[in-house]
Structures are given as C-alpha cells and as structure tokens.
Amino acid sequence: MIHTKKSNLSVVIVDDEPTVLFGASALLQSVGIKPVETLEDSRALLPLLETREVDCVILDLFMPYLSGLQILPLLARHYPELPVIVLTAAHELDTAVACMKEGAFDYLAKPVDDQRFITTVEKALEVSRLRRQVGVLKNYLLSDRLIHGEAFASIITKSRKMRAIFQYMESIAGSCEPILICGETGVGKELIANTLHTLSGRKGALIALNVAGLDDTMFSDTLFGHRKGAFSGAEENRLGLITQAAGGTLFLDEIGDLGHISQVKLLRLLQENKYYPLGSDVPRNSDTCFLCATNRHLPKLMDQERFRSDLYFRLSVHQIEIPPLRDRREDIPYLVHYFVEEAATALGKKVPNIPAELLQLLEHYPFPGNIRQLRSMIYDAVARSNSPTLSTSLFNKVIPSGSHTPPSPRTEYTEPSAIEPIWQRSSFFPTLKENEEKLIQEALRRTNGNQGMAATLLGISRQALNQRLRKKTPTPS
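Residues numbered from 1 in each chain as written. Predicted model: local features only at pLDDT ≥ 70, side-chain atom pairs only at ≥ 80, totals over all residues. Heavy atoms only, no water.

Considerations on the sheet that holds strand S14 (residues 318-321)
Under the convention used in this document: Two strands are counted as paired when DSSP detects at least two bridges linking them. To qualify as a helix, a DSSP run of H or I must reach at least 4 residues; to qualify as a strand, a run of E must reach at least 2; elements of each kind are numbered from the N terminus. Axis geometry follows a simple rule: fit a line to the C-alpha atoms, using only the stretch in contact for helices, then measure angles between N-to-C directions, giving values from 0 to 180 degrees.
The five strands are arranged S7-S10-S13-S6-S14 in an open sheet whose pairing can be described as parallel. Of all the strands in the sheet, the pair left with one neighbour each is strand S7 (206-210) and S14. Strand-to-strand, the axes of this sheet are offset by a mean angle of 20°, without reference to chain direction. Relative to strand S10 (residues 249-253), S7 runs parallel, the two being bridged by five bridges. Considered in S10, the bridge of Ala208 is made with Phe251.

Re the state of the cysteines
Definition in use: Cysteine sulfurs are considered disulfide-paired once they come within 2.5 Å of each other.
What the rule picks out here adds up to one disulfide. One disulfide bridge connects Cys176 with Cys289, the sulfur atoms lying 1.8 Å from each other. Judged by the torsion about the S-S bond (-120°), the Cys176/Cys289 disulfide is left-handed. With a gap of 113 residues between them, Cys176 in the loop between helix H6 (160-172) and strand S6 (179-182) and Cys289 in strand S13 (residues 289-294) connect regions that are remote in the sequence.

Here we look at unusual backbone geometry
Each neighbour pair has its own omega, and for Lys34 with Pro35 the value is 0°, a cis peptide bond. Structurally, Pro35 is set in the loop between helix H1 (18-30) and strand S2 (36-39). For the bond running from Lys110 to Pro111, omega is -5°, close enough to zero to count as cis. Within the secondary structure, Pro111 sits in the loop between strand S5 (106-110) and helix H5 (114-143). For Phe367, which is not glycine, the phi dihedral falls at a positive 50°. Relative to the helices and strands, Phe367 resides in the loop between helix H14 (356-363) and helix H15 (370-384).

Brief notes about the packing of aromatic side chains
Threshold: Whether two aromatic rings pair depends on their centres lying within 6.5 Å, for rings of Phe, Tyr and Trp, where Trp uses its six-membered ring; planes under 30 degrees apart make the pair stacked, over 60 edge-to-face, and the rest tilted. We call a residue buried when its accessible area falls under 20% of the maximum for its residue type, exposed when it is over 50%, and partly exposed in between, using a 1.4 Å probe and counting protein chains only. As a reminder, the over-ring test applies to NZ of lysine and CZ of arginine, requiring each to be within 6 Å of the ring centre and within 35 degrees of the ring normal.
Evaluated as defined, the whole model comprises six aromatic pairs. For the ring pair Phe152 and Phe166, a centre distance of 4.3 Å and an interplane angle of 25° mean the geometry is stacked. Of this pair, Phe152 sits in the loop between H5 and H6 while Phe166 sits in helix H6, and the two are 14 residues apart along the sequence. In this pair, the class of Phe152 matches that of Phe166, namely buried. Ring plane angle 75° and centroid distance 4.8 Å describe the contact between Tyr365 and Phe367, whose orientation is recorded as edge-to-face. Ring-pair connections join several aromatic residues into one group, and the members of that group are Phe219, Phe224 and Tyr275. Positioned over the ring face of Tyr65 is Arg43, at 3.6 Å from the centre of the ring. Between the NZ or CZ atom of Arg375 and the centre of the ring of Tyr379, over which it lies, the distance is 4.3 Å.

Considering the packing of helix H13 (residues 332-347) against H15
Applied cut-off: Any angle between 65 and 115 degrees counts as roughly perpendicular, while under 35 counts as roughly parallel, over 145 as roughly antiparallel, and the rest as oblique. Take the far helix as your reference; a near helix turned counterclockwise from it by less than a right angle gives a left-handed crossing, and one turned clockwise gives a right-handed crossing. Contacts: residue pairs with any heavy atoms within 4.5 Å of one another. Each residue gets one label: Ala, Val, Leu, Ile, Met, Phe, Trp, Tyr, Cys and Pro are nonpolar, Asp, Glu, Lys and Arg are charged, and the others, such as Gly, are polar.
Interaxial distance between H13 and H15 falls to 9 Å at its minimum, and their mutual angle equals 45°. Overall, the two elements H13 and H15 adopt an arrangement that is oblique. For the pair H13 and H15, the sense of crossing is right-handed. Taken together, the residues of H15 that come into contact with H13 (itself represented by Leu335, Val336, Phe339, Val340, Glu342, Ala343, Ala344, Ala346 and Leu347) are Ile371, Leu374, Arg375, Ile378, Tyr379, Val382 and Ala383. Partitioned by chemical class, the residues of the contact of H13 with H15 number 14 nonpolar, no polar and two charged.

Here we look at helix H18 (residues 451-458)
Where H18 is concerned, the buried positions are Gly452, Met453, Ala454, Ala455 and Thr456. Trailing H18 by a residue or two, Gly459 shows a phi angle of about 75°, which is positive.

Notes on H15
Our working definition: In this scheme, a helix's expected span is set at 1.5 Å multiplied by one less than its residue total.
For H15, with 15 residues, the first-to-last C-alpha span of 22 Å sits near the 21 Å given by 1.5 Å per residue. Those residues of H15 that fall on the buried side of the exposure criterion are Asn370, Ile371, Leu374, Met377, Ile378, Tyr379, Ala381 and Val382. The inward-facing, buried residues of H15 contact H13, H14 and helix H16 (393-396).

Looking at the confidence of the model for the protein chain
Quick reminder of the rule: Scored between 0 and 100, pLDDT is the confidence that the predictor attaches to each residue.
With 87% of its residues at a pLDDT of at least 70, the protein chain reaches an overall mean of 84. Residue range residues 1-8 is modelled with pLDDT below 50. Its contacts to residues more than four positions away, or to other chains, number 24 contacts. Across residues 407-419, where pLDDT falls below 50, the model places 26 contacts with residues more than four positions away in sequence or in other chains.

Examining the nonpolar core
Nonpolar side chains in soluble globular proteins generally cluster together in the buried interior. Put simply, the rule is: We define the nonpolar core as a collection of buried residues of types Ala, Val, Leu, Ile, Met, Phe, Trp, Tyr and Cys that are connected through side-chain atoms lying within 4.5 Å of one another.
The biggest cluster of nonpolar side chains holds 29 residues, and the ones touching the most others in it are Leu223, Leu250, Leu252, Ile255, Leu266, Leu269 and Phe307. For this core, the leading source of residues is helix H10 (residues 260-272), giving four residues. Apart from residues lying up to four places away in sequence, Leu223 is in contact with Leu209, Gly240, Leu241, Ile242, Leu250, Leu252 and Leu269. In terms of nonpolar packing, the next biggest core, distinct from the first, is built from 25 residues, Phe367, Met377, Phe395 and Ile399 among them.

Considering the side chain of Thr157
Threshold: N or O atoms closer than or at 3.5 Å make up a polar contact, with two conditions inside protein: a donor-capable atom paired with an acceptor-capable one, and, for residues adjacent in sequence, both atoms drawn from side chains.
Within the fold, Thr157 resides in the loop between H5 and H6. A distance of 3.0 Å separates a polar side-chain atom of Thr157 from the backbone nitrogen of Ser159. In contact with Thr157, other than residues within four places in its own chain, are Met162, Phe166, Arg328 and Asp331.

Quick look at the environment of Ile118
Residue placement: Ile118 occurs in helix H5. Note: C-alpha distance between Ile118 and Leu28 (90 residues apart in sequence) is 6.6 Å. Contacts of Ile118, omitting those with residues within four sequence positions, involve Leu27 and Val31.

Written out as structure tokens, the structure reads:
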C-alpha cells in the first residue's frame, strides 16, 4: 500500500442515545458512506481525533460528561477544517444557529429526515475532501517533490510537464472521486491509470474495460452482471466487473464512445453507488473507484449532443490531460534508448548503438501515434537491423518526407552546458586528452550516468566509451 496516512474514518457520530447511533450509522452505510464510527461517550472524541483522520463529525448538543456545546469550540480551535454537523431538538434552533456562528458546518433538527441527513453528510464529506486535496496540492507546489517516485518507474520521462502531472496524481489518488484521463492515442493513458491505482493503495484489483463498440446490453451485462434466466442463454449467474473490482478500481477506456443509454446507467451508478444486475430487482452497493480515459474531445461531443453534460461533469471531478509526444520532445532520446534495449532483449539480440543523426531525425518528427508509434518503429528497426548500429534508413522508410517539424527547445535533455572551454579560464592550452576527459564527464553528467546515451551525445559507440572509461580507471596494484 502506497499511502502511509493515518487510518481513515469517514464519519464519526457522537450521541448518548444508542438507538440514534445505530439508526444513523445503518442509514449512512446503506448508501455507501463508510466506515462510520459511533461514540456514546463524548469524552472519547478528542482522543480519537488525535490518532485518526476523520472527514466529518455529527455531534449531539446535549450529552452527559462533555456536551456538544463544550466540544464545538475545541473542535473549531484545534480542527478548524473538520466539518461538524450539530444534532438538536426542534425547540433548540436558536442554540443551533449560535453553534453555526461558532463554526458548525450545519445543523439537523431531531427527528432527522433521512434524505436531508444523507444529503447534509455528503456535502460535508465533499467539502472535507476538497479541503484536504487543496492542502496537498499546496504542499506539492511549494516543495516540487514526489513522495512516491517509485510508483512512476514504468513511465519514462524527464519532462517538467509530466512531473507536474505526477504531483497532481499523488494529490488526488487517495480520493475515490472519478478521474478522467484525456490524451491522444498512444500517449500512455493506461500507464497513468495503473499508476493511479497503485498510488491509491486500494486493496482490490484494477479491472480494465474498453467500452468502445459495446451496445447497451453488452455494457450492462459486462459491468453489472446478470442472474440466471435473465435472458435467453443466461444459464448461470454472472458476476459483473463492478463486483470483481470491489475495493479496487474500474478503468473504463474509450469512454467517449459509450452509447446514450449506457451513459445514463453509468451516471446513475456514479451518483447513487448502486446498481442492478440484469434480471434482479435487488440493488447492490458499489465499492469501486472509477478511472475513465478518452482520446476524444468530450466538450465537442457534448455540443453535438453525443455525450451527456451531466455525465461529463461527474466524470471530470479530477481531470488529467497527458501532453502528446511532440510537446515533450525532451523525452524522445530517453524513450529511444529504453525501447532499443527492451526490443533487443526481447528479440535476443545485442543492443545496437544509436547514432546521433537518428535522434535528430526522430526529434523533428511529430509522431501522430505518440509513444506507441515510436515503440513500434523501434521494435521493427531492431528486428530488421543486422549491424552494430541502427541505420537511419530504416526509419526514413516509415517517416514520410516533409513530415518533420521544427525542433522545440530541449530544455531538459540538452540543458545549458556546465562545461567551459579550459583555455578561456587561463593561458594554459589543453591537450586533446584533457578536453576528451572533460567532454566525457559532461556527457555522463547530462545523462545521469547512462553510458549508452552519453556515447550518443559524444558521437561514438558505447564500446568506444567503455574503453575510454576503462583507461581512466586505475588498475589495482
């Protein structure tokens, strides 16, 4: 589990009446709000808050030992961002209003209407979680750091744009609100989804479903499952993907291709956290977080009335826009080296050298298929290559003439050089060997010690670089 935060209790109810505690807890859990902690002794609340994170407190005003009137100022002082809902009798409304002035989030008059009770708690939870996410985002912006950098190991990048996305992902992964991942084909949306699930720390599985081409019946059956006899051919019960992803994450890819009727069913599921298996009249609760991805421009589809606006706004509580490869060209050299080594290993070949002119060719190409296209090109070239160095001619055959675009500044891969000509610092004129050593050091510094990439920068083979490095290493006496 990635997260190391204190155990999370969504709601704590404090009341000296056991029947109230039982009824309120059962009602909240019946609509998917859980876990819920109940306290009959109000003195236990403050010690609990010192050890656990809570999203909302429901507090009775008049109790033995410590009354709600005594506890509320303490909560306002020590936990000012914690929403507190006050329970009061109908004749105590003036007191309840006074509590609002003391910092209470809202008040409910006993006997509490069930729907108003649920709605008020849901609003408090939403406010609490938004406040927490804003706080996390502020910390990331100020520190420019990743807490769980290892979770992003499968995503090869040196782009500042991607690093900013990683920081945002860390801040929202713990929320179970839907996350919409947008980007062109081949930018790595599935990798982002896998990483979000890892960061979430949820114990359940990540289940993926491509919804493109599914009609409403197939979508409902796949997602919700069915009971035996629900339709012709349904000879046994089938568990839907929501059940399989319980306690985990359901990743719906190509969400922009979902049909209208299926959109309505998905919206109802997201709003109510309940669903009906085909052939069943008994609703089931959903304990699944949703990730959705699309390569389409959903606002444009909304204008064309092909995608519901209410579903879009429900799905895009958090939205991640992955930039195309042409907007982060600084990643291309790293991706090329990674895919060349990966392809050579998969094909049982020796890792070929990468000429500098090949990197220049690829960095000027817009890659309409993004990273997926680059990977396919590299794999094909390595499979066809029979020489120790990859030939640019293998790529010229698949890169259309005139398809190059002007290079964008490589601010991260070729950062401003720290190397300074030695002869500008003194009257001493260096030898070729001294300049060679300085260039090798600089190439290794820029590539974080990656000898293959350093050799490419220097315009020599990896073997030649290894020989030069071995000459510099003193032999043991």
